[in-house]
Amino acid sequence: MTDTAEHDDQVTDDAPGARLRERRLAAHRTARRVFARFGFHRTLRERLAVLEDAEGVHDLDELSDVYGDGVVEALETKVAGLLGMEAAAFFPTGTMAQQVALRCWAGRTGNPTVALHALSHPEVHERNAFSEVGGLRPVRLTSEPRLPTAAEVRDFAEPFGALMLELPLRDAGFVLPAWEELTAVVRAARERDAVVHFDGARLWESTVHFGRPLEEIAGLADSVYVSFYKSLEAFGGAALAGPKELVEEAKTWRHRYGGMVFQQFPTVLSALAGLERQLPRLPEYVAHARVVAAALREGFAAAGVPWARVHPEVPHTHDFQVWLPYEPDVLGEAAVRTAEETGVVLFGSAWDRGGPGLALTEVHVRGEALEWTAEDVKAAVAEFVARLPEQVR
């Protein structure tokens, strides 16, 4: 899947694709019913309202931050506490945070090799930044649409200094391992004297699947990166959490990478607001995602669509994939037409090719989705299917 803005809407140079994106965003803006409204769906005025309503998350009479003090330090302290780590450092992007973290670990272990999944974010979405910028050497444990197994970690044919696990693994369908599988993978890495780093961009919403509190999940790793915009609806930003010595070194590299920003209070306040207001709601979103997923399956079955898939069948988080046996442009046009003509957005993300005559999209369940019943979802599926080509159905 493309990786832009919140999730999906990559600006493309081809005119038809650009026009479809414009129509999709316009339809989303005016729709009466959607599953989620992200920051890139809102106007600047609407986004600024987050700051106007930030009184309860931090003392707004405090002096503004300068190069990472004040409100930035307050956010870092809060995140370290939530994750059960000694310290945390705020970064403008997760890409920077993870390069820095793994660069620091490479210096400590003496091994720049990072074992990861072939579908992990650095391998798919960062233009080879690990090797081109960080001097790291990524090696792929597996390309299967699941997290690496303990056997794959234990039996890998060459040494590595760090194991990086993306939890959940977004490009495989926002999938998570079972808790027992995760702890076994971590043990296998320790047996090889490797450090463990979690790409936890979406770790916040993993507690329901694992049945464990956030600090216990994060506590399996030596370091953890978390994002503030993907689920918490902040303007942007990320944090790296781990041992105090590692975090202090990471702040040095943050400066070298250009991440020592003069003032960051708008993004930081929006992150604090997300931790206060969105984080407690994530388990509710995950539970409702399972209702939505089941209704989608039943709706497509009732409509007679062959080989319609929801993946995972029971979502591990509040995000999941839908696969349908049509070309992406056909599904994209049908989705936009449905939204334009009914005011209901069933599929608000772009469709990507998954194979010949097969495409997939992502479904994101947030607060707006709680208004949908299962019957609402099935009715929206019927409207969508009615706008697909008859001969394919």
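The residue numbers shown here count from 1 along each chain, following its written sequence. Local features are withheld for residues below a pLDDT of 70 in this predicted model, meaning they are given only at 70 or higher, and side-chain atom pairs are given and counted only at 80 or more; totals for whole chains, interfaces and linings count all residues. Only hydrogens and water are removed before side-chain values are computed, so all heavy atoms of the structure are retained for them.

(A) Main features of the overall build of the protein chain. Secondary structure is summarised from DSSP: a helix means a run of H or I of at least four residues, a strand means a run of E of at least two, and numbering begins at the N terminus for each. Assigned secondary structure in the protein chain consists of 15 helices and eleven strands. The size measure is the radius of gyration over C-alpha atoms, and the globule rule it meets is 2.2 Å times the number of residues to the 0.38 power. The C-alpha atoms of the protein chain give a radius of gyration of 21 Å, which matches the 21 Å a tight globule of 393 residues would have. By principal-axis analysis of the C-alpha atoms, the protein chain measures approximately 60 × 55 × 40 Å. Whether a residue is buried, partly exposed or exposed follows from its accessible area with a 1.4 Å probe, protein chains only, as a fraction of its type maximum: under 20%, in between, or over 50%, in that order. Counting across all 393 residues of the protein chain, residues that qualify as buried make up 55%. Every residue pair with non-hydrogen atoms within 4.5 Å of one another is taken to be in contact. Considering only residue pairs separated by 6 or more positions, the protein chain has 74% of its internal contacts joining residues 24 or more positions apart. Counting rule for charge: Lys and Arg are taken as positive, Asp and Glu as negative, and neither His nor the chain ends is counted. The location of each charge is read from NZ of Lys, CZ of Arg, CG of Asp or CD of Glu. Across the protein chain, the centroid of the 41 positively charged side chains sits 3 Å from that of the 59 negatively charged ones.

(B) Broad picture of the environment of glutamate 46. Mapped onto the fold, glutamate 46 is located in helix α2 (residues 44–52). Classification of glutamate 46 by relative accessible area gives partly exposed; the value is 34%. There is a polar contact of 2.8 Å between the side chain of glutamate 46 and the side chain of arginine 29. As used in this structure description, the phrase polar contact means that two N or O atoms lie within 3.5 Å; if the pair is within protein, one of them must be able to donate a hydrogen and the other to accept it, and residues adjacent in sequence are counted only when both atoms belong to side chains.

(C) Focus on a nonpolar patch on the surface. On the surface, Val66, Tyr67 and Phe262 cluster together to form a nonpolar patch covering roughly 300 Å² of accessible area. Inspection of the secondary structure assignment puts valine 66 in the loop between α2 and α3 (71–83). For valine 66, a relative accessible area of 37% gives the class partly exposed. Distance thresholds for patches are 9 Å for like charges and 5 Å for nonpolar side chains (Val, Leu, Ile, Met, Phe, Trp, Tyr), applied to residues having over 30% relative accessible area and no salt bridge. Only the protein chains shown count as cover for residues, with accessible areas throughout obtained via the Shrake-Rupley method and a probe of 1.4 Å. Put simply, a salt bridge is a Lys or Arg side-chain nitrogen that is within 4 Å of an Asp or Glu carboxyl oxygen.

(D) Just the environment of glutamate 390, in detail. Residue position: glutamate 390 is located in the segment after α15 (374–385). Note on glutamate 390: relative accessible area 57%, which makes it exposed. A sequence separation of 79 residues divides glutamate 390 from histidine 311, and the C-alpha atoms of the two residues are 25 Å apart.

(E) Just the sheet that holds strand β4 (residues 162–166), in detail. Taken in spatial order, the seven strands make up an open sheet running β1-β7-β6-β5-β4-β2-β3, and their pairing is mixed. Edge positions in the open sheet fall to β1 (87–91) and β3 (137–140), since each of these has one partner strand only. Ignoring which end each strand starts from, the neighbouring axes of this sheet average 20° apart. Two strands pair under a simple rule: DSSP has to find at least two bridges between them. Where β4 meets strand β5 (residues 195–200), five bridges bridge the pair, whose relative direction is parallel. Convention adopted: a line fitted to C-alpha atoms gives each axis, helices being fitted over their contacting stretch, and angles between N-to-C directions are expressed from 0 to 180 degrees.

(F) Expanded view of the nonpolar core. We call a set of buried Ala, Val, Leu, Ile, Met, Phe, Trp, Tyr and Cys residues a nonpolar core when their side-chain atoms join them within 4.5 Å. By size, the foremost hydrophobic cluster in this structure holds 61 residues, and its most contacted members are Leu83, Phe198, Trp204 and Phe228. Looking at this core, the element that brings in the most residues is helix α8 (residues 179–191), giving seven residues. Residue contacts for phenylalanine 228: discarding those within four places in its chain leaves Leu75, Val79, Phe90, Trp204, Glu233, Ala234, Gly236, Gly237, Ala238, Ala239 and Ala271. Core analysis: the next-biggest nonpolar cluster, separate from the first, contains 31 residues, Val292, Tyr326, Leu346 and Phe384 among them.

(G) Spotlight on the packing of α3 against helix α12 (residues 265–277). At a closest axis distance of 9 Å, the pairing of α3 and α12 adopts a crossing angle of 30°. Judged by the angle between their axes, α3 and α12 are roughly parallel. At the point where α3 passes α12, the crossing takes the left-handed sense. The residues of α12 that touch α3, namely those facing Val71, Val72, Leu75, Lys78, Val79 and Leu82, are Phe265, Val268, Leu269, Ala271, Leu272 and Leu275. Here the term charged refers only to Asp, Glu, Lys and Arg, the term nonpolar to Ala, Val, Leu, Ile, Met, Phe, Trp, Tyr, Cys and Pro, and the term polar to all other amino acids, Gly among them. The class makeup of the residues in the contact of α3 with α12 is eleven nonpolar, no polar and one charged. Angle categories: roughly parallel below 35 degrees, roughly antiparallel above 145, roughly perpendicular from 65 to 115, and oblique for all the rest. Crossing chirality is assigned from the near helix's rotation relative to the far helix, an anticlockwise turn below a right angle marking it left-handed and a clockwise turn marking it right-handed.

(H) Seen up close, empty space enclosed by the protein. A pocket, in this scheme, is an open set of points on a 1 Å grid over the protein atoms alone with protein on both sides within 12 Å along at least 5 of 7 lines, while a cavity is a set where a 1.4 Å probe fits but cannot get out; residues line either one if an atom lies within 4 Å of a point. Grid points are joined across faces, edges and corners, and a volume is the space filled by probe spheres set on the points. Under the defined criterion, the tally for this structure stands at four cavities of 30 Å³ or more. Space inside the largest cavity adds up to approximately 140 Å³. Every residue lining the largest cavity is counted, 16 residues in all, and those nearest its centre are His28, Ala36, Gly348, Ser349 and His364. Among the elements that take part in the lining of the largest cavity, strand β11 (residues 358–364) stands out by supplying three residues, more than any other. Broken down by class, the residue content of the lining of the largest cavity amounts to nine nonpolar, five polar and two charged. Each pocket or cavity is described by its volume, and for the second largest cavity that value is around 40 Å³. Around the second largest cavity, the lining residues are Arg24, Ala27, His28, Ala335, Val336, Ala339, Val345, Phe347 and Gly348. Only α1 (15–30) and α14 (328–342) provide two or more residues apiece to the lining of the second largest cavity. Residue classes in the lining of the second largest cavity are distributed as six nonpolar, two polar and one charged.

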